[in-house]
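Fold and contact review
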Amino acid sequence: MTSCPHLILAPMEGVGDRTFRKAMASVGGFDEAVMDFLSVPKNAHIPSLSKKYQADELSPIPLAAQLMGSDPELMADMAKEMERRGAHRIDLNCGCPSNTVTGNGAGSSLLKDPNLLHTIAKAMANAVSVPVTVKMRSGYGDTSLFKENLLAAEESGIKFLTLHPRTKVDGYGPPAKWELIAEAKSLLKIPVVGNGDILTVEDALNMLKQTKCDYLMIGRGSVANPFIFHQIKAHFAGTTYTPTWEALYNYLQVFLSELPEEMPMRGKINKMKQLFGFIFKSKPALIEMRRSMLTYTPANLTDFLDATIPLLHKGWTAP
Ligand SMILES: Cc1cc2nc3c(=O)[nH]c(=O)nc-3n(C[C@H](O)[C@H](O)[C@H](O)COP(=O)(O)O)c2cc1C
């Protein structure tokens, strides 16, 4: 049996925040995480922006920094600052579909201009001694510049490339086109990280088989099942990993304890609803209760947990 590929926890702005990452790190199983993007606008004040990033947040698991912007000089300066703050790797975001972001020429907008993508990635790679990487979608409106973008990224001096094979226009709608990961793998010399729609160990194995990608990155599948990385690792070790209810309960306790103290109670309830939303959606016995869980307006967080955790306990089965 081959060895387990490097497993990466995906960046997920608004969902995969510090609270989620800390809870995931308490479970473990992944080799590296990527922080959600730090936006580097034209008027960026680099020292204050960079404060959001703590390289040792998940220690001993490394946390890569991700930058999003379109000004090569500023991006290079920000990359330097991230290196100074201890980043072991700095990733360039070429995938964010948000119109406020793409309106500024950053994120997935870079896929419209392979030359600009190349210039930014090269400026970053030349500015630091740690690896610079690119995370991209398959295109903006379509995949007509797919190969150009892949080659532009590789030729900039990046160390590896993560591909989420949907266009910006696809959003998260149609299934990820894994055949594009296979295409990237056959075109590039640098390692390719496969990403998109891995929800189970079987999906992970199928992606590896179909695309021959080098590493795997998982986002939403880990929100629904925080044990997925351990389960993939166990498969490659020739064993199985069956999480218990206690393990899920402990994970939820860490998640609760890591919610920012200053967060208002409603914010905390909404964060719990967001997390439970993913878990409920993944379980047939819970899916019907998802809407009522999401629309329930409790007086406080304790009431919400008292009502929801027993439902979860009853309907949750080991993935
Ligand atoms: C809520 C949310 C926020 C995201 N934020 C980021 C981000 O900050 N940077 C990034 O490169 N990708 C971001 N992504 C994309 C994911 O990293 C990943 O590429 C995508 O969800 C497909 O992988 P998955 O099917 O395993 O979730 C985000 C995705 C979601 C669902």
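Residues numbered from 1 in each chain as written. Predicted model: local features only at pLDDT ≥ 70, side-chain atom pairs only at ≥ 80, totals over all residues. Heavy atoms only, no water.

1. Some details on the packing of helix α1 (residues 18–27) against helix α11 (residues 245–258)
The packing of two helices is summarised by the inter-axis angle and the distance between the axes. Two numbers describe how α1 lies on α11: the axes approach to 8 Å, and their chain directions differ by 145 degrees. Note that α1 runs across α11; the crossing there is right-handed. Side by side, α1 and α11 meet where Arg 18, Thr 19, Phe 20, Lys 22, Ala 23, Met 24, Ser 26 and Val 27 of the first sit next to Tyr 251, Val 254, Phe 255 and Glu 258 of the second. Across the contact of α1 with α11, the residue classes break down as seven nonpolar, two polar and three charged. (Axes fitted to C-alpha atoms, helices over the stretch in contact; angles between N-to-C directions. Helix = DSSP H or I, 4+ residues; strand = E, 2+ residues; numbered from the N terminus. Left-handed = near helix turned anticlockwise from the far one by under 90°. Contact = heavy atoms within 4.5 Å. Nonpolar A, V, L, I, M, F, W, Y, C, P; charged D, E, K, R; others polar.)

2. What to know about empty space enclosed by the protein
Taken as a whole, this structure holds one cavity of 30 Å³ or more when the rule is applied. Quantified by volume, the largest cavity comes out at close to 40 Å³. Residue contributions to the lining of the largest cavity peak at three residues, all from helix α12 (residues 265–281). Tallied by class, the residues present in the lining of the largest cavity amount to five nonpolar, one polar and one charged. Summarising the domain contributions, the lining of the largest cavity has at least three residues from each of domain 1 (7–236) and domain 2 (259–315). (1 Å grid on protein atoms, 1.4 Å probe; cavity = no way out; pocket = protein on both sides within 12 Å on 5 of 7 lines; lining within 4 Å. Points joined across faces, edges and corners; volume = space filled by probe spheres on them. Domains from an automatic or database assignment.)

3. A look at the side chain of Ser 222
When you line up the elements, Ser 222 lands in helix α9 (residues 220–224). With relative accessibility at 0%, the residue Ser 222 sits in the buried group. At 2.6 Å, the side chain of Ser 222 forms a polar contact with the backbone oxygen of Gly 219. Those residues in contact with Ser 222 that lie beyond four places of it in its chain are Leu 9, Met 12, Phe 20, Met 24, Ile 228 and Phe 229. (Buried < 20%, exposed > 50% of the residue type's maximum accessible area, 1.4 Å probe, protein only. Polar contact = N/O pair within 3.5 Å; in protein donor to acceptor, adjacent residues only side chain to side chain.)

4. Here's the deal with the site of the ligand
The full set close to the ligand counts 18 residues, and Pro 11, Gln 66, Asn 195, Asp 197 and Arg 220 are the nearest of them. In the model, an oxygen atom of the ligand is placed 3.3 Å from a nitrogen or oxygen of the Phe 37 main chain. At a separation of 2.8 Å, an oxygen atom of the ligand approaches a polar side-chain atom of Arg 220. In the complex, 89% of the free accessible area of the ligand, which totals 610 Å², lies under the protein chains. Considering only residue class, the shell around the ligand consists of seven nonpolar, six polar and five charged. (Near = heavy atom within 4 Å. Areas by Shrake-Rupley, 256 points an atom, 1.4 Å probe, with all protein chains shown as cover.)

5. Some points on the domain arrangement of the protein
Where the parts come together, the accessible area they lose is often given as the size of the interface. On domain assignment, one finds that the protein holds domain 1 (7–236) and domain 2 (259–315). Taken over C-alpha atoms, the centre of domain 1 sits 29 Å from the centre of domain 2. The partner domain 2 presents eight residues to the eight residues of domain 1 that form the contact. Taken over both partners, the interface formed by domain 1 and domain 2 buries close to 650 Å², and the fraction arising from carbon and sulfur atoms is 65%. Taken as a group, Thr 19, Val 223 and Ala 224 account for 58% of the area that domain 1 buries against domain 2, more than any other trio of residues on that side. Where domain 1 packs against domain 2, one counts one salt bridge. Note that Lys 271 and Asp 17 form a salt bridge whose closest N and O atoms lie 3.0 Å from each other. Applying the counting rule to domain 1 against domain 2 returns three residue pairs in polar contact (both at pLDDT 80 or more). Elements with a minimum of two residues in the side of domain 1 that touches domain 2: α1 and α9. With three residues, α9 is the largest single contributor of residues to the side of domain 1 that touches domain 2. Residues belonging to the side of domain 1 that touches domain 2 are distributed by class as follows: four nonpolar, two polar and two charged. (Buried area = accessible area lost by both parts, 1.4 Å probe. Salt bridge = Lys/Arg side-chain N within 4 Å of Asp/Glu carboxyl O.)

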